[in-house]
Amino acid sequence: MSSTTSPPGMQPVGDGMTGSAMEVGSPTDAPKTTAEERNFVGRSPGQLAWLRLKRDKTAIFSFSLVVFFVVLAIAAPLIEMFYGVSPTQNHSDKLNRQGFPLGYAGGMSSEHWLGLQGGSGRDVFMQLVYGLRTSLLIASAAAVITVVVGVVMGIVAGYFGGWIDQAITWLVDFMLAFPFLIFALAVIPIVNLYFYQPGEEVPGWFRIAVIIGVFSLFGWMSTARLVRGQVLSLREREYVDAARAAGARTPHILFRQLLPNIWAPVLVTFSLALPAFITAEAALSFLNIGVIEPTPDLGRLVYAAREYLEPMPTYFLWPALTVFLLVLAFNLFGDSLRDALDPKSDK
């Protein structure tokens, strides 16, 4: 009489157990996951900062305002083509004998949206558009140069230490001892006279280059101090020791290992340096030391409008309001960016 025997560890099919229970590693044996666990996704610090920025209404508003001003500045030649008026074109036929624009609110009309300048008769709107271009060009170039120089000086001082750190720290303290405004008022005319004779016209591009150079000379120290402090806390980390043990060269350690870990404070420094340089450039032009005629500039517009403040308040209002909104937008976005990049921030 034959009988059917099962291999060890196996049960016959007809013993009352279901087929699903027989299979090893059945899905019913796996732990169940909730919907919250299935939707959980790990995010990088950059993604978390982006999410904080998108939730911040102040950041969205200020960034939109910054983009608006930047687009106006970049598209200035295109706006001039469609607007039909150049920034240096005079409309003396639309001024009265006292040099005031004819009409209401400083000559505002469908042809001149923001009116005309008193005395010269230039279109205020085109002066503002090209003035934005000048201010943003100077501020952006100076901010890039100061951040690059500050990062290099700070990362070298923090990583090497010793006499190199002491020398760079002494240089930072020495440069901070100079009063920026007084030095700028003294140096800019001297540099212009060194390259051009008295009475000779100084090109606008040269004046802009001199202003950028002065800003760069006195703007890198705060970035260098910030980066030095960050590098002092990072140079003894395990990944730096591993790079040294692997035979990595010093430039690789500085700019491929340390620099990516300090990009957040550097980015915030850059965003906050822009409005500071915009304000400083407007102040120099207001004092007639920075950009002069015929290059359009926001600070010089404010300076020229002060003589017409009582009879033509709108002439003063538009450039002053533009400078205020531009600086405010950059400052608000810089603060929001700092909060978004802060891991301990609740925003």
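These numbers were taken from a predicted model, which means no experiment stands behind them. (Residues numbered from 1 in each chain as written. Predicted model: local features only at pLDDT ≥ 70, side-chain atom pairs only at ≥ 80, totals over all residues. Heavy atoms only, no water.)

## Section: the confidence of the model for the protein
At step 1: The pLDDT averaged across the protein works out to 82; a share of 85% of its residues lies at or above 70.
At step 2: Put simply, helix H1 (residues 19-22) is where the protein has its lowest mean pLDDT, 44, and helix H6 (residues 124-160) is where it has its highest, 93.
At step 3: Counting interchain partners and residues more than four positions distant, the pLDDT-below-50 stretch residues 1-28 has five contacts. (pLDDT = per-residue confidence, 0-100. Helix = DSSP H or I, 4+ residues; strand = E, 2+ residues; numbered from the N terminus. Contact = heavy atoms within 4.5 Å.)

## Remarks on the packing of H6 against helix H15 (residues 313-341)
At step 1: Interaxial distance between H6 and H15 falls to 11 Å at its minimum, and their mutual angle equals 30 degrees. For H6 against H15, the interelement crossing comes out right-handed. Across from Val 124, Leu 128, Leu 132 and Leu 136 in H6, the residues of H15 making contact are Tyr 315, Trp 318, Pro 319, Thr 322, Leu 326 and Phe 330.
At step 2: Across the contact of H6 with H15, the residue classes break down as nine nonpolar, one polar and no charged. (Axes fitted to C-alpha atoms, helices over the stretch in contact; angles between N-to-C directions. Left-handed = near helix turned anticlockwise from the far one by under 90°. Nonpolar A, V, L, I, M, F, W, Y, C, P; charged D, E, K, R; others polar.)

## Notes on the pattern of salt bridges
At step 1: The final tally for this structure, using the stated rule, is nine salt bridges.
At step 2: Across the salt bridge formed by Glu 293 and Arg 122, the nearest N and O atoms sit 2.6 Å from each other. Within this pair, whereas Glu 293 is found in the loop between helix H13 (263-286) and helix H14 (298-305), its partner Arg 122 is found in the loop between helix H5 (76-83) and H6, the two being separated by 171 residues in sequence.
At step 3: Classification of Arg 122 by relative accessible area gives buried; the value is 13%.
At step 4: For Glu 307, the salt bridge goes to Arg 306, with nearest N and O atoms at 3.8 Å. (Salt bridge = Lys/Arg side-chain N within 4 Å of Asp/Glu carboxyl O. Buried < 20%, exposed > 50% of the residue type's maximum accessible area, 1.4 Å probe, protein only.)

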